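# Chain and residue survey
Letter by letter, the chains look like this.
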Amino acid sequence: MVGALMKVHVVVMPKQNVLDPQGVAVRNALKDLGLDTVESVRVGKFLELEFEELPDPAKLEEVCRDLLSNPVIEDYTIRPD
Amino acid sequence: MVGALMKVHVVVMPKQNVLDPQGVAVRNALKDLGLDTVESVRVGKFLELEFEELPDPAKLEEVCRDLLSNPVIEDYTIRPD
Amino acid sequence: MKIAVVQFPGSNCDQDCLRALTDGVHFQAEYVWHKQTSLYGFDAVVLPGGFSYGDYLRCGAIARFSPITRTVVRSAKEGMPVIGICNGFQILCEAGLLPGALIRNQSLRFVCKSVWLRVETGETPFTAQLKGQRILKMPIAHGEGAYFADKASLDALESQSQIVFRYTDEWGNATPEANPNGSMHNIAGVCNEARNVVGMMPHPDRAWDRQLGSEDGKLVFGSLAKALEPVISR
Amino acid sequence: MVTEITQKLVHSHGLTDQEYERIKAILGRQPNFTELGVFSVMWSEHCSYKNTRLELKKLPTTGPRVLVKAGEENAGVIDIGDGWAAAFKMESHNHPSAIEPFQGAATGVGGIIRDIFTMGARPVFLLDSLRFGPIEGATSTAKNNRRLFSEVVAGISHYGNCIGIPTIGGEVYFDESFEGNPLVNVFCLGILRHEQITRGAAKGIGNPVFYVGSETGRDGLAGAAFASRDLTEELRQDRPAVQVGDPFKGKLLLEACLEVLASGCVAGIQDMGAAGLTCSICETASRGGTGVEIDLALVPQRESGMTPYEILLSESQERMLIIVERGREATLKEIFDKWDLPYACVGEVTEDGMMRVLSHGCVEVEIPAYKLSNDAPIYEREAVAESPAPEFRIEDIPSADLHESLIRLLGCPTIASKNWVYRQYDHTVRAGTVVPPGSDAGVFYVREADKYLAATTDCNGLYCKLNPREGARVAVAEAARNLVCSGAEPLAVTDNLNFGNPYHPNNFWQLRESVEGLAEACLRFGVPVVSGNVSLYNQNPNGAIDPTPTVGMVGIIGQERWITRQSFRDVSDVIYLIGPVGHELGGSQYLKIIHGRKEFLPPQLSYELELGVQAVLLALIRQGLVKSAHDCSEGGFGVALAECCISGARTIGACVDFGNWSDRLDQILFNESQSRVIISALPEDTTAIEAMCAATEIQCGRVGEVGGSDLIISSKRETLRWDVAELYQAWYAAIERVMSSQ
Ligand SMILES: Nc1ncnc2c1ncn2[C@@H]1O[C@H](COP(=O)(O)OP(=O)(O)O)[C@@H](O)[C@H]1O
Ligand SMILES: [Mg+2]
């Protein structure tokens, strides 16, 4: 067996003031399915990264900002597994 | 002010046996950026649902299974905020 | 004989399908709005391509819950011929009428081009006049058209001849190079066990006029005439 | 809270002190903060054309086919026969695409489509004309250029594919001058009956004014003003929230609007594009000679707590303003309910000529609508000519390895096949694309009208940089030639003027020269300009972009059998070169790519020759004598000939002989002299072809034959031979290779 891998989760969401047409469509569909107390839905990305060895946190922030998210329209958060 | 909204997070990930070309592309890009200890990446969806009032858990499971994910290719998990 | 062309919000091949049916193979065809719940008077249904509900979340995921889709599911179970083209195929998979799912193209990019298809079975209402592994030419245009099914389902599809079309080269060889999107087993179209429901990613609705570079789409729609003959004469 | 109007505030709105005085004179008082915002967007270059209006007047806009002229409405409309008409226009989204390439390009597509269906037309196809910095290499600049290119193409594909309108052509160029400031020009054409032409005018006092489509958010605040300034780093930072396109909503809006228009209940309709609600209210009122009064409290809103300023200046996408015949409101409501789209009656047409905006009943804005949209200041900017580029002399250039040169030219991204781009575009939806991207012009069969339309976009910015007037003329000539090569008769033009900051006298001179060149050429080719767009302030820290007056041209093909493609078809077909062999290498891709020199005078256009060549070609095509036709453009005869061999469904060789020509072979092969077309024909038709050409002054040289698997070119001095499979490899997958490099 390989040494246990370390996981890092990155959540990338559309910024609050940016239109999220996908979220709107899902919200409407949920209402149609009878979940009438749903107020709003936002849809983002969930990335599960597996590392042999955890990277330098600053480096990780850098790739989240430059590659994994688009800072013009998205925010990201790094979550421990 | 409106009463505080309740959040529910749903994470939808491609099943292990489903090819995730996007994950592979992200992994390669991360390696190029110098994160050489990255082993694998999988890319899924993160849905943030806001409710006025939390729905019945069984109903929530139902929509996760029927609408928010496709069990042929995806698994979902419901996470408290 | 009258064919229904379903219009979902975001369908964009509805007009092409209607034209292919009326001008291409001279059937009677009418639109059916997604909020309708009846298919009374129709003999077959086409779910056209497009981006139903924007294809937000997943292709076909929201359309599955549309009122008309529930009726289509019921009618299909009663044996009505149903074909889903492109987005229509995705909807049929989401609705559970067809096995498997269509996932993002392996290239991660939308692909629009002309492809060759080998007809794998004449035993469906949409291939009834296409015996003997005919090779057809028609365009594809999709971002999420890679056919996926787990091993057991694939085995079942193969053993029960439920694979209707496969991507091939011009000479009918199902090579990896001829696979435009990463579909398993080069699958371009499948049918259900009862064989009355067919889904395909390529567009017969864009190949029914010589000027468009192929008329092979007429063979697909035209097969319905043969398939429905017994129904009509009854 | 009342905001004090300080000089600083005025300036930060991009208005000068004189402009502010003019505003006070129009109002007879000081504007309030909201009104200042309204003036600033309406008087931005994007909406008012204050620096270009005088120049644009030079363009020819009339002709027997013109039904709606340039500048009158959202798009121009021309007659295409039998009661049918075509509405078309080009629009730029350069700055938004520089900031957020995917959404910038996507919303550009959405915007131009709305301009077309606002006219009552059903959009039937799109073209896109793109410019980026160089994409080859491992530098961070090259990587960034690749990212911009990739995302822009993805954005166009996202919107166009989803809404179901095929993209049937376009162009892509790569050059240093576009680094950091890509050009994204999108063209849309729609089809309608003459009687369906609708107007963006607020007619009928008392008619209700409806807002339809997506809710208003804070996105794209004052985007028109944003597009009217240099794209500095500060501007990038303090940008408004990026607009996100929703093609799904766009599709519903398109269908619902066409249905509403067909119902006959509409008195006027206008999309909300640049300057959003502000522009649509004041322009409809101004065109109708009326006023419009609305209450912002009634406007559907996506975010809470928006101020009147924000609501008025928002550029949220997928919204329209519809003025309904009083008493027919129910029709509109029924249709928008059917399509599940938001709508709201927000006000009515008034007779006092005022744009009056209330917020919960209190007057926020009160401005004479006509003056707001028509009395913007008009400037004549200073123009200073650049010194002319030197004349090209062949002695200054060493001859290169020609075998390798052709392969390198075919593989350079500007010349290489653009299939990597157009494969990502749905070009077959609507089942009418008869000639898909990959030939000189796209050809679309408009089934409902039984008409074949051809369309192309063209502009060589390098020529325009070296001589803007000549470059603009060549752009028109090339567009017309591309149409004729596909069998079409050119009908009319739309243009997109992309230039740098007009306050730099050099830039303004480029603009003026280009417009005059366009005007002259359009007149000579008999193609009126029916619509267009101006995009200034295209700069990066190294200076302005190469001037790029993009020309979009539409033509009609009378009969199906006249439709002609560029690729060779059959073995032993005879190859002719119609037009001269040429010699002009200035501004050529050969000099740029092979010798690294972006200089010298570009090729010169002779109208007589160009019109002669086009007339002969069209006559030959209509006689059924032409099996393929392809014009020589970037890369000259050599590249064009290779493209004839490799751009069809199958590659095919050719053998060409310049045996009695004494020029250097690089000059023969790669000069970019204008007015040249390579055709192929059946051997038995040669007598007829030569007879027809002999009756004119036009040279028509029989230069070779189609066949084999090699491309062979020989001159007095040498014989060159390429395996066409190798040429194909170099050309077909070049962009794919570059884009997959790291
Ligand atoms: N951005 C694009 N979108 C769609 N088609 C394109 C694009 N760029 C180039 N094409 C197509 O590729 C072919 C070659 O383009 P181009 O080299 O500009 O032709 P030409 O020199 O004849 O104007 C044309 O059919 C054109 O429509
Ligand atoms: Mg050309």
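Scroll up a little and you will see the structure.
Residues numbered from 1 in each chain as written. Chains lettered and ligands numbered in written order. Predicted model: local features only at pLDDT ≥ 70, side-chain atom pairs only at ≥ 80, totals over all residues. Heavy atoms only, no water.

A separate point is the relation of the copies chain B and chain A. When chain B is brought onto chain A, the operation consists of a screw motion whose angular component is 180° and whose axial shift is 0.0 Å, with 0.2 Å RMSD remaining. One copy is carried onto the other by what is essentially a two-fold rotation axis. Minimal C-alpha distance to the rotation axis in chain B is attained by Lys-45 of chain B, lying at 2.2 Å. (Least-squares fit on C-alpha atoms with pLDDT ≥ 70 in both.)

Here we take up the interface of chain D and chain C. Taken together, the contact pairs 36 residues of chain D with 29 residues of chain C. In total, chain D and chain C occlude about 2600 Å² of area from one another, counting both sides; carbon and sulfur atoms represent 51% of this. The largest per-residue losses of area from chain D upon contact with chain C belong to Phe-248, Arg-423 and Arg-447 of chain D, which jointly make up 23% of the total buried on that side. The tally of links between chain D and chain C comes to five salt bridges. For Arg-210 of chain C, the salt bridge identified is with Glu-560 of chain D, shortest N-O distance 3.0 Å. Counting every contact that joins chain D to chain C gives 17 residue pairs in polar contact (both at pLDDT 80 or more). At the level of elements, α8 (140-163), α11 (247-263), α14 (329-338) and β14 (433-435) of chain D are the ones that each hand at least two residues to the side of chain D that touches chain C. In the side of chain D that touches chain C, the residues fall into 13 nonpolar, nine polar and 14 charged. (Contact = heavy atoms within 4.5 Å. Buried area = accessible area lost by both parts, 1.4 Å probe. Salt bridge = Lys/Arg side-chain N within 4 Å of Asp/Glu carboxyl O. Polar contact = N/O pair within 3.5 Å; in protein donor to acceptor, adjacent residues only side chain to side chain. Helix = DSSP H or I, 4+ residues; strand = E, 2+ residues; numbered from the N terminus. Nonpolar A, V, L, I, M, F, W, Y, C, P; charged D, E, K, R; others polar.)

Relative to the assigned elements, Pro-202 of chain C resides in the loop between β11 (197-200) and α5 (217-233). Every residue in contact with Pro-202 of chain C, bar those within four places of it in the chain, is listed here: Ile-85, Leu-117, Met-138, Pro-139, Ile-140, Tyr-167 and Ala-188 of chain C.

What follows is about the site of ligand 1. Residues and elements named next belong to chain D. Around ligand 1, the structure places 20 residues, and the nearest of them are Asp-128, Gly-438, Ser-439, Asp-440 and Asp-458. Here an oxygen atom of ligand 1 sits 3.1 Å away from a polar atom, N or O, in the main chain of Gly-170. Contact between ligand 1 and Gly-438: an oxygen atom at 2.6 Å from a main-chain N or O atom of the residue. Coverage of ligand 1 by the protein amounts to 90% of the 550 Å² it exposes when considered alone. Assessed atom by atom at 2 Å from the grid points, ligand 1 resides in the largest cavity. Taken together, the elements giving at least two residues each to the shell around ligand 1 come down to β4 (122-132), β5 (167-174), α17 (419-422) and α19 (468-485). The leading source of residues in the shell around ligand 1 is β5, at four residues. For the shell around ligand 1, the per-class residue count stands at six nonpolar, six polar and eight charged. (Near = heavy atom within 4 Å. Areas by Shrake-Rupley, 256 points an atom, 1.4 Å probe, with all protein chains shown as cover. 1 Å grid on protein atoms, 1.4 Å probe; cavity = no way out; pocket = protein on both sides within 12 Å on 5 of 7 lines; lining within 4 Å. Sits in = over half its atoms within 2 Å of the grid points.)

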